[in-house]
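Spelled out from the first residue to the last, the chains are:
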Amino acid sequence: MADYGAVNVDDVRRIREIRDVRRRRKKYLERLNIFRKYDDVHFRNRYRFTKENARKVIELVRPNLYESEDNRGLSISIETQVLTALRYYARSGYQDNTADLHNISQASVSRIITNVSVAIAGLAPRYVRFPREEKRMTTARKFYDIARFPQVIGAIDGTHIPITNPGGELAQIYINRKGWYSLNVQVISDASFQILDIVARWRGSAHDSRIFNESRIKERFEQHEFGRFILLGDSGYGVHKYLLTPLRNPETRQERVYNTCHKKTRNVVERCFGCWKGRFRCLTKNIGTRLGTAKNIIVACAVLHNLAVIWKEEMEDIYVEEEEEEEEEDNGNEQHEEMAEQRGHIFRRQFIQQHF
């Protein structure tokens, strides 16, 4: 019978003591009070809102959020969740940078961005919409004051928001004509740079006119919901009674004046893009999330941009010049679209003769 020797109790105790010393104990970081940590200037620089307005955002989404736990079992308050998302929208970059700032894990940041983006995007019907009938004349008057272009209720254009490769068999259709993955986002802006309508579901290879032709807002204009009010778009769009584009080759003085006024007035949507992307730099870099979350982030940033305009948040120091592109015409129009454009050309000619 083999003899393994007697077990020394003291030796066992010493081994356990050494093991306990060497074992890495978990360190639980204290949650920071961001409102106390930063003064007003540094807070706004990081979160794009004053402390007062950031609290307003928190209260707006509070009913649709709940306090969660991180992977260490520590509670993450709604305030921390919203501020974490605002930080990501404002500065983008890697999620672990945002995690370090708020003393939470990167995995928690990812979940927070998803949940908060859904909650804020859910406010779009309330804050991203066309003015009511009694306010439409005021909106048109602000456009008129720019370059004396009458009856304008909005300026429309598309802008490409970069995303990471979505993967899958259809990934290639998200590559735009510049060769990178994006979502082509349709936006209609008013003269105050508020976003009146947004469509954030189309792949980067989609043409602006295709997006508009299949949008709900076109149906609303064709149903005469906005009366005589019109949109202004670039040459990439078809001409309609409710959407006027510049003339390719103006010949008369009236036509040249029309083009000049059209360009100055429509430019508000380019400036809107500059302010919007300047506020939320995540829109200028690859949104490193799942495709569905990326779409919610874009709409959430539109809601927050409008709130910033309503609350008169400063924007001079965050403006980003938006590169204006001359869109190519979409030659894939069906016959009924071509007939509608013919009527649009007639209307545009009459409109120029009447107002310019």
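As the structure is a prediction and not an experimental result, all values here were calculated from the model.

Enquirer: Whenever I open this one, the sheet that holds strand β6 (residues 230-232) confuses me. Can you help?
Expert: Strand-to-strand pairing in sheets goes through backbone hydrogen bonds, with the strands running parallel or antiparallel. Spatial ordering of the open sheet is given by β5-β4-β3-β6-β7, a layout of 5 strands whose pairing is mixed. Each having just a single partner strand, β5 (195-203) and β7 (243-244) make up the two edges of the open sheet. Across 2 bridges, the pairing between β6 and β7 is parallel. Its bridge partner lying in β7, L231 is registered against L243. Across the sheet, helix α9 (residues 136-147) touches β3 (152-162) and β4 (182-189), and the angle it forms with β3 is around 75°. Docked against the sheet, helix α13 (residues 291-310) engages β3, β4 and β5, running at close to 170° with respect to β5.

Enquirer: Help me out: how do you make sense of unusual backbone geometry in this one?
Expert: Phi is mostly negative for residues that are not glycine, and the peptide bonds are mostly trans. Positive phi, normally seen in glycine, also occurs at H224, with a value near 60°. In this structure, H224 sits in the loop between α11 (216-222) and β6. Positive phi, normally seen in glycine, also occurs at K312, with a value near 60°.

Enquirer: Looking at this structure, how should I read the pattern of salt bridges?
Expert: Any two side chains of opposite charge can pair, so long as their charged atoms come close to each other. One pass over the full model with this rule turns up 10 salt bridges. Between E222 and K218 there is a salt bridge, with the nearest N and O atoms lying 3.9 Å from each other. Remark: K218 and E222 occur in helix α11; sequence separation between them is 4 residues, near one turn of the helix.

Rules used throughout
Residues numbered from 1 in each chain as written. Predicted model: local features only at pLDDT ≥ 70, side-chain atom pairs only at ≥ 80, totals over all residues. Heavy atoms only, no water. Pairing = 2+ DSSP bridges. Helix = DSSP H or I, 4+ residues; strand = E, 2+ residues; numbered from the N terminus. Contact = heavy atoms within 4.5 Å. Axes fitted to C-alpha atoms, helices over the stretch in contact; angles between N-to-C directions. Salt bridge = Lys/Arg side-chain N within 4 Å of Asp/Glu carboxyl O.

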